[in-house]
Each structure stands twice: as structure tokens, then as C-alpha cells.
Amino acid sequence: MYDIRKINQNEVDEALSLALDVFMQFEAPDYKPEGVETFKRDIVQNKVFIERCKKGECPIYAAFDKGKIIGIIGMRSNKTHINLVFTKKEYHRQGVATAIFKFLLDDLLRENPELDEITLNSSPYGKGFYLHIGFEALSEEMEQDGIRYTPMKYVVKK
């Protein structure tokens, strides 16, 4: 299988590069140009966010194959909201993101046993995956700054 762990500060740039590559390949075609620019500005070019990731305040969990990052799940600093989920194309539908999510959930529960839910805003492309692993939609699809998303939550079962 793959090695799964929280990334270190020297791996943040590689993780965000993967996020941008996969976003451009699978998400950007469904977005207006404004949405693509919003993603770049708010995530992969956001110096404050990048610095917080490097300090470990905004954790990024990753799967590795032969030492290379093949999939990531990133979180906001509150550690209750996922803001990045990307897997390289050649690893889609092989359980990579599911395995990262399970590892992330176990890690979060060790740190905070009272955790009761995790939220995220699903892209149109990712919605089926999130439903499959147990998230539920909180509303219909919305759009803000060109980003299409469906608010979702995962209720932690203890």
C-alpha cells in the first residue's frame, strides 16, 4: 500500500503543486476563469496559508508512493474543516483519498476525542467521493467568487 502521514514543512510546496496540477486538470474545466483565479489566490499562492502549513498550523496529510506525494488532504487551522483534497490522476479510484481520510480522522480523534463533525465545501467533481465516504450535503450547490461548491459535513461516529 502507500505510506500515509502528516507532511513536514519541506513537503508543503510539493503538496500544493500537486493540488494545483490536479485542480487544473479536473476542476478548472468546470469553473469560470474567476474561480480558477480564486483558487490560486486563496490557496496555492496565499503566502499566509502556505506559511501556516509550513508551521503545521494548517495540517496537510499525504499518501506517498516511492517517496513521492500522490494524494493530499489539507485542513484549516481549526482542524474541523477540510480545504484541500487532491489525488494524482493515475491513482484515482484506488482508495488513496479514502485511506488518507481514515488516517486524518484517527489522528484528529487522538488529538481531540470530542470532535463530532468535519466540514468541507465539495467541488462538483469531488461530491460523489465525499458522499461515498459518509459526508452529507448541507445544501444545494452554491457559487462564490467563481468557485462552485456544495457545503458538506461528516458526523464522527464514536
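Residues numbered from 1 in each chain as written. Predicted model: local features only at pLDDT ≥ 70, side-chain atom pairs only at ≥ 80, totals over all residues. Heavy atoms only, no water.

Student: Break down the overall build of the protein chain for me, citing the residues and quoting the values.
Tutor: Of regular secondary structure, the protein chain possesses five helices and eight strands. Listing the helices and strands of the protein chain from first to last along the sequence gives β-α-α-α-β-β-β-α-β-α-β-β-β. Computed over the C-alpha atoms, the radius of gyration of the protein chain is 15 Å, within 12% of the 15 Å expected from 2.2 N^0.38 for a compact globule of 158 residues. Among the 158 residues that make up the protein chain, the fraction classed as buried is 44%. (Helix = DSSP H or I, 4+ residues; strand = E, 2+ residues; numbered from the N terminus. Rg over C-alpha atoms; globule rule 2.2 N^0.38 Å. Buried < 20%, exposed > 50% of the residue type's maximum accessible area, 1.4 Å probe, protein only.)

Student: With reference to specific residues and values, describe helix α3 (residues 47-54).
Tutor: Along α3, the residues that are buried comprise Phe49, Ile50 and Cys53. The buried residues of α3 occupy an angular sector of 100° when the element is viewed end-on, so they sit on one face. With respect to the buried face of α3, the exposed residues turned more than 90 degrees away are Lys47 and Val48. The inward-facing, buried residues of α3 contact α1 (12-27), α2 (33-44), β2 (60-65) and β4 (81-87). Gly56 lies just past α3 and shows a positive phi near 85°. (Arc of directions from axis to C-beta. Contact = heavy atoms within 4.5 Å.)

Student: Before we move on, could you go through the packing of α1 against α2 and cite the residues and values that matter?
Tutor: Running from N to C, α1 and α2 cross one another at 170°; their axes reach a closest spacing of 11 Å. Taken together, α1 and α2 sit at an angle that is classed as roughly antiparallel. Contacts between α1 and α2 pair Leu16, Ala19, Leu20, Phe23 and Met24 from the former with Gly35, Val36, Phe39, Lys40, Ile43 and Val44 from the latter. Class assignment of the residues belonging to the contact of α1 with α2 gives a composition of nine nonpolar, one polar and one charged. (Axes fitted to C-alpha atoms, helices over the stretch in contact; angles between N-to-C directions. Parallel < 35°, antiparallel > 145°, perpendicular 65-115°, else oblique. Nonpolar A, V, L, I, M, F, W, Y, C, P; charged D, E, K, R; others polar.)

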